[in-house]
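Observations on the three-dimensional arrangement
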Amino acid sequence: AFEHMNHPQHVQSQAEQITADRVEQVLYHPANEEKIPLLIGLIRKLQPTRALVFVNTRRGTEWVGRNLRGNGINAAVLSGEVPQKKRQRLLSDFQEGRISVLIATDVAARGLHIPQVTHVFNFDLPQSGEDYVHRIGRTARAGESGHALSFACEDTAFYVPEIEAYIDAKLPTEPVGADLLADTAPPAPPERRRQDGKGPG
């Protein structure tokens, strides 16, 4: 045992760290009914080439996706129920620019390593600082810069103190000006599902 174990090495793992110099973070405080107009307004203003939108529930991802598609934004929803073949196709379309916005929950986005994501939108703030760091870490990879825009609405604003404590920084805030709130069209109809409940063919 001494022959093989006489030079111990100390190895310590730690949570993903924020590289604040490469991720520009901003926090908005919209009313609940302003969230969809604000998201659409920001996407139209910023014109992201590849954006991830995080929503806390699968039902919420569907609602956001329908509103974006109803307003002419090429968006797709990635949920835990998406079959593997369709999931791979969506990711391929996203990476190759055929889809500019991908909407997902934390569960669906775990393990995704997509290069050149320019913007991350926290449509719903996550409950923990660790999840916040994981989300904004989807951008600013491999030396690139990125943008993280978060909505602290009436339902999620009380998560802000924990997130700021975790990252040991104050999130810069911007006002929700009328110039950022888009005039929105009705959401697109739900996607048709097959009778077996597995979604479109």
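1. Description of empty space enclosed by the protein
Going through the model one piece at a time under the given rule, you end up with 1 cavity of 30 Å³ or more. Approximately 30 Å³ is the volume attributed to the largest cavity. Residue lining of the largest cavity: L52, L112, H113, I114, V117, R138 and R141, and that is the complete set. Tallied by class, the residues present in the lining of the largest cavity amount to 4 nonpolar, 1 polar and 2 charged.

2. Side note on unusual backbone geometry
With a phi close to 50 degrees, Q47 is a non-glycine residue in the positive phi region. Relative to the helices and strands, Q47 resides in the loop between α1 (35-46) and β2 (51-54). For Q116, which is not a glycine, the phi torsion comes out positive at approximately 60 degrees. Position of Q116 among the secondary structure elements: in the loop between α4 (106-109) and β5 (119-122).

3. Considerations on the packing of helix α5 (residues 129-136) against helix α6 (residues 160-167)
Axis separation between α5 and α6 bottoms out at 8 Å; the angle between their running directions is 70 degrees. When the axis of α5 is compared with that of α6, the two are roughly perpendicular. Across from G129, E130, Y132 and V133 in α5, the residues of α6 making contact are E162, I163, Y166 and I167.

4. Brief notes about the packing of aromatic side chains
Applying the stated criterion to the full structure yields 3 aromatic pairs. Their ring planes at 85 degrees and their centres at 6.3 Å tell us that Y28 and F151 sit as a pair that is edge-to-face. Of this pair, Y28 sits in strand β1 (residues 23-28) while F151 sits in strand β6 (residues 146-151), and the two are 123 residues apart along the sequence. Considered together, Y28 and F151 belong to a single accessibility category, that of buried residues. Judged by centre distance (4.7 Å) and plane angle (65 degrees), the rings of F158 and Y159 are edge-to-face.

5. Description of the environment of C153
Of note, C153 is situated in the loop between β6 and α6. Among the residues examined, C153 registers a relative accessible area of 2% and is labelled buried. Through-space distance from the C-alpha of C153 to that of K35 is 7.7 Å; in sequence the pair is 118 residues apart.

6. Things to note about the layout of surface pockets
What the second largest pocket holds in volume is close to 250 Å³. For the second largest pocket, the lining is made up of 15 residues, of which E24, V26, Y28, L149 and E174 are closest to its centre. Every element with two or more residues in the lining of the second largest pocket is listed here: β1, α1 and β6. Here the lining of the second largest pocket takes 4 residues from β1, the largest share from any one element. Of the residues contributing to the lining of the second largest pocket, the split by class is 7 nonpolar, 4 polar and 4 charged.

7. A short note on the side chain of S79
When you line up the elements, S79 lands in the loop between β3 (75-78) and α3 (84-95). Non-local contacts of S79, meaning those with residues more than four positions away in its chain, are made with R58, R87 and A108.

Analysis parameters
- Residues numbered from 1 in each chain as written.
- Predicted model: local features only at pLDDT ≥ 70, side-chain atom pairs only at ≥ 80, totals over all residues.
- Heavy atoms only, no water.
- 1 Å grid on protein atoms, 1.4 Å probe; cavity = no way out; pocket = protein on both sides within 12 Å on 5 of 7 lines; lining within 4 Å.
- Points joined across faces, edges and corners; volume = space filled by probe spheres on them.
- Nonpolar A, V, L, I, M, F, W, Y, C, P; charged D, E, K, R; others polar.
- Helix = DSSP H or I, 4+ residues; strand = E, 2+ residues; numbered from the N terminus.
- Axes fitted to C-alpha atoms, helices over the stretch in contact; angles between N-to-C directions.
- Parallel < 35°, antiparallel > 145°, perpendicular 65-115°, else oblique.
- Contact = heavy atoms within 4.5 Å.
- Phe/Tyr/Trp six-rings, centres within 6.5 Å; stacked < 30°, edge-to-face > 60°.
- Buried < 20%, exposed > 50% of the residue type's maximum accessible area, 1.4 Å probe, protein only.

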